[in-house]
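Structural overview
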Amino acid sequence: MIVMSEPFRNEPIAVGDLPQLRADSFVSVDPRFVWGQFAGLAGIAAVVVGVVALIVWRSDALFWPVLVGGIIVAVLVAISIAAFLEARRLAYQLREHDLSLRGGVIRHRVETIPFSRIQHVSVGRGVIERSLGLATLQVSSAGPDIAVPGLPVADAERIKEVVAARAGVDDEPPVDGAVNDWAPPPSPPPSAEPSP
Amino acid sequence: MIDLSQPQRQSPLAIVFLGLRAVRSLGVVQFVVLALFVVRGAADGRLLVVGVVAASGLAAMSVLSWWRYTFQLADGELVVTSGVLRVDRLSVDVGRIQSIAIEQELLHRLTDLVKVVIDTAGSSQAEFTIDAISRRVAEALRQQATTLAPDSPRVAPIEPARPAERVVFQHTPGRLAIAALTASPWAGLALLVPLLAIDQVVLEPITDQLSEWAPDADVGGLGWWLVPVVGVAIAVFVSLLNLGRIFLADWGLALRTDSTTLRRTSGLLSRTSTTSTVARVQVLVSRRNPLQRWAGLHDLHLSNVGQGDMRLVGCRDDELAATATIAGLTPVEDLPLDRRVHPAEIWLSVRNTTLIAAAAAAAGSLLIGWWALFAFALVAVVWWATRRHVRTHRWSLGSEVATSRLVISSSTQQALIRKANVVRVTQSIFERRRGLGRVEVVTAAGTIAIGMIPIDEARAVRDVIVHGVETDRRAWM
């Protein structure tokens, strides 16, 4: 349903006057996040080495198991380096009206999701994250989703509350016309009935 | 007056529709192959028994599904109960009903029944479908649902009693024929896919028959003059396929609208009707190949939230403009497409293609010698195509983001900026060295990407779009 209680205004806006996503305002994820990544990869590497050792022990073959296992471990090391670099770049920025995530090693990327487009927000914690006291904030929209990993649990919960509250505010009936400001949302009107 | 407050069942003929739906979900081609397999005597008795048992099971499930499926209007809610082993009860507030579409496919026409598709706000696709009921019951359902929500404009009346609805355009058979003859020559080959899937069963006897008719045919001795003849034959063949495809799928193609909804109807054997609210339209794409440019036609694609995408073939400029206006977009000819992309894209494409061609030539030289150097011809083709792309690629940003490009075929993409769900700015290593970037506007049903623009401009686009999303409070879905 199209709501058009007032004619929609669309006055020219100087792009330079718009709030900008400042690079220095991004908050890096917790340094422990990279250790979590390493722990996961180390677990996989340990399983690979274990399987190779088992094959070598149970059979006379040595060359092929060691070669394949070595390649897998080398790939895991490469992934670890990429994960380390990714973790160093991974950062988020919470503004009044949107959440941004910065990441990418070879291709740098900054994704921004406005609060009014958020459908669902949740906090998830895997086994490794639980042991490190970290959590992942999962923000879903009708389009793509954004996941912010490596957040301290308290921060993740606080951000979730803020995002959920602001996304919920935008579910209220639309305000008349276009409001070209960035002020906080209006407080709800006082109750019509006096409280006892 | 039909009392819909009591549970209603579908017509008993719905058993057939339920069975056909089950067959479709399992795969029509597989069933055809199995049937031909059995008919040709390739199966022994045991497989036949398995087939009979499976068919009996399917029939029994269809009967039970029909028996368990009921619908009623009670306490302002449309309640649908279904399921054989597990009972599902779905209640929908009639105020949330976005549209009620009454459709008649081929089997419905033969049996004088209709299908009712009910779509609600808050779901990405049609909430549920009543497969086969009489038109009288369908009309009663529509009228009573509308009466229960008299002030709600969300209940969209449907054909034929739809006074507010107007026809935006309707294609004549002549227009469809032109659309088919100017369509991509390969599109019609889609008709052959099912045949290719069963080539062992269908095509093999045909080739066997041809071999019997002309056992001494020597294709190699027919000469080069045969090449243009074969080319013309292929062109005629694919054109006929296109005609068949478009006449079957788009016969009587019409777009209708009232103030809130768009409805597309078409089909020769099976009449389909797709309804979507205007707010659900996210991206409008128009494409045209050289033949279509010559004929002045466009192929349109409206990407909608959920599964209600609309494909509109063979539209003239005014029909494209009308469709864009209904979707709240600017007609293409009025778009201020004045921004360009950086020519560094030519260098990037040529460099990457040269590397690939060099690798291909090195590998190919082992097999075909110096002929492998022809791989570098690809570099010239890519250079020409990218140069043309850079010279013709335009984009603009206002209340909507739009891009236009032309290499051999042309296309335009448009989306209102308030439809953006996520805005992404990316930079590859190549782009970082040159201060360039790429911005992607991701909606709930498609992405518009603008690459190779100055990074400051890309960031400014993001800021404008984020600002637009947060300040434009009109419905976006």
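**Here we look at the overall build of chain A**
Regarding its fold elements, chain A presents 4 helices and 7 strands. Put simply, chain A runs from its N terminus to its C terminus through helices and strands in the order β-α-α-β-β-β-β-α-β-β-α.

**Here we look at the overall build of chain B**
The helix and strand inventory of chain B stands at 15 helices and 21 strands. Looking at chain B residue by residue over its 477 residues, the buried ones come to 32%. Taking the intrachain contacts of chain B between residues at least 6 apart in sequence as the baseline, contacts between residues at least 24 apart amount to 59%.

**Quick look at the interface of chain B and chain A**
The partner chain A presents 35 residues to the 35 residues of chain B that form the contact. For the side of chain B that touches chain A, the secondary structure elements donating two or more residues are β19 (422-427), α14 (429-433), β20 (436-443) and α15 (455-471) of chain B. The element best represented in the side of chain B that touches chain A is α15(B), accounting for 10 residues. Residues belonging to the side of chain B that touches chain A are distributed by class as follows: 16 nonpolar, 9 polar and 10 charged. In terms of strand pairing, strand β4 (residues 108-114) of chain A meets β19(B) through 5 bridges, oriented antiparallel. Bridged to A:Val110 within β19(B) is B:Val425.

**What to know about the sheet that holds strand β4 (residues 88-93) of chain B**
Residue and element names in this part refer to chain B. Read from one edge to the other, the open sheet built from 4 strands follows the order β1-β2-β3-β4, with strand pairing classed as antiparallel. The outermost strands of the open sheet, each flanked by one partner alone, are β1 (8-9) and β4. The sheet contact formed by β1 and strand β2 (residues 70-74) spans 2 bridges and is antiparallel. Looking at the pairing, glutamine 8 lines up with phenylalanine 71 of β2.

**A look at the packing of helix α12 (residues 344-368) of chain B against helix α13 (residues 377-392) of chain B**
All names here are of chain B. The interhelical angle for the contact between α12 and α13, taken along N-to-C directions, is 165 degrees, at an axis separation of 9 Å. Between α12 and α13, the angle falls in the class roughly antiparallel. In the crossing of α12 with α13, the sense of the turn from one axis to the other is right-handed. Here Glu345, Ile346, Ser349, Val350, Thr353, Thr354 and Ala357 of α12 lie close against α13, whose contacting residues are Leu378, Val379, Val382, Trp383, Thr386, Arg387 and Val390. Per-class residue counts for the contact of α12 with α13 are 8 nonpolar, 4 polar and 2 charged.

**A look at the confidence of the model for chain B**
The share of residues in chain B with pLDDT of 70 or more is 82%, and the mean pLDDT across the chain is 82. Interface scoring of the predicted complex returns ipTM 0.75; its pTM is 0.73.

**Structural notes on the sheet that holds strand β5 (residues 118-124) of chain A**
Residue and element names in this part refer to chain A. Spatially, β5-β6-β7 is the arrangement adopted by the 3 strands of the open sheet, whose pairing is antiparallel. The open sheet is flanked by β5 and β7 (146-152), the only strands paired with a single partner. Strand-to-strand twist across the sheet, computed as the mean angle between neighbouring axes with direction ignored, equals 20 degrees. In terms of strand pairing, strand β6 (residues 134-141) meets β7 through 5 bridges, oriented antiparallel. Bridging from a neighbouring strand, leucine 137 pairs with valine 148 of β7.

**Thoughts on the pairing of strand β3 (residues 77-82) of chain B**
All names here are of chain B. Across 5 bridges, the pairing between β2 and β3 is antiparallel. Each residue of the ladder has a partner; that of threonine 70, found in β3, is threonine 81. Adjacent in sequence and paired antiparallel, β2 and β3 are bridged by 2 residues, among which aspartate 75 carries a positive phi angle near 55 degrees. Both β3 and β4 contribute to a ladder of 6 bridges, which runs antiparallel. Residue pairing in the sheet places threonine 81 in a bridge with arginine 89 of β4. Once β3 ends, the chain turns through 5 residues before running back antiparallel as β4, passing glycine 83 with a positive phi of about 110 degrees.

**Overview of unusual backbone geometry**
Note on backbone geometry: most residues besides glycine have negative phi, and most peptide bonds are trans. All names here are of chain B. Non-glycine residue aspartate 112 carries a positive phi angle of around 60 degrees. With respect to the element layout, aspartate 112 can be found in the loop between α4 (106-111) and β6 (114-120). Residue classification places aspartate 112 among the exposed positions, given that 11 C-beta atoms sit within 10 Å.

**Thoughts on the nonpolar core**
All names here are of chain B. The biggest cluster of nonpolar side chains holds 78 residues, and the ones touching the most others in it are Ala420, Val441 and Ile465. By residue number, the principal contributor to this core is α15, which donates 5 residues. Sequence-distant contacts of alanine 420, that is, excluding residues within four places in its chain, are made with Val441, Val442, Thr443, Ile465 and Val469. Membership of the second largest hydrophobic core comes to 27 residues, among which are Val94, Val117, Val137 and Leu141.

**Concerning the confidence of the model for chain A**
All names here are of chain A. Across chain A, the average pLDDT comes to 79, with 79% of residues at or above 70. Counted against residues more than four places away or in other chains, residues 1-5, with its pLDDT under 50, gives 15 contacts. Note that pLDDT drops below 50 for residues 169-196; the model gives that stretch 24 contacts with residues more than four away or on any other chain.

**As for the environment of B:Thr353**
Residues and elements named next belong to chain B. Within the secondary structure layout, threonine 353 lies in helix α12. For threonine 353 and valine 379, which are 26 residues apart along the polypeptide, the C-alpha to C-alpha distance reads 5.8 Å. Leaving out residues up to four positions away in the same chain, threonine 353 has contacts with Leu378, Val379 and Val382.

**Brief notes about the packing of helix α6 (residues 173-181) of chain B against helix α9 (residues 226-250) of chain B**
All names here are of chain B. At their nearest, the axes of α6 and α9 sit 8 Å apart, and the two run at 135 degrees to each other. With respect to α9, the axis of α6 lies oblique. Crossing hand, α6 versus α9: right-handed. Along its contact with α6, which presents Leu176, Ala177, Ala179, Ala180 and Leu181, the element α9 presents Ser239, Asn242, Leu243, Ile246, Phe247 and Asp250. Among the residues forming the contact of α6 with α9, the class breakdown is 8 nonpolar, 2 polar and 1 charged.

What counts and what doesn't
Residues numbered from 1 in each chain as written. Chains lettered and ligands numbered in written order. Predicted model: local features only at pLDDT ≥ 70, side-chain atom pairs only at ≥ 80, totals over all residues. Helix = DSSP H or I, 4+ residues; strand = E, 2+ residues; numbered from the N terminus. Buried ≥ 20, exposed ≤ 12 C-beta atoms within 10 Å, placed from the backbone. Contact = placed C-beta atoms within 7 Å. Nonpolar A, V, L, I, M, F, W, Y, C, P; charged D, E, K, R; others polar. Pairing = 2+ DSSP bridges. Axes fitted to C-alpha atoms, helices over the stretch in contact; angles between N-to-C directions. Parallel < 35°, antiparallel > 145°, perpendicular 65-115°, else oblique. Left-handed = near helix turned anticlockwise from the far one by under 90°. pLDDT = per-residue confidence, 0-100. Core = buried A, V, L, I, M, F, W, Y, C linked by C-beta atoms within 7 Å.

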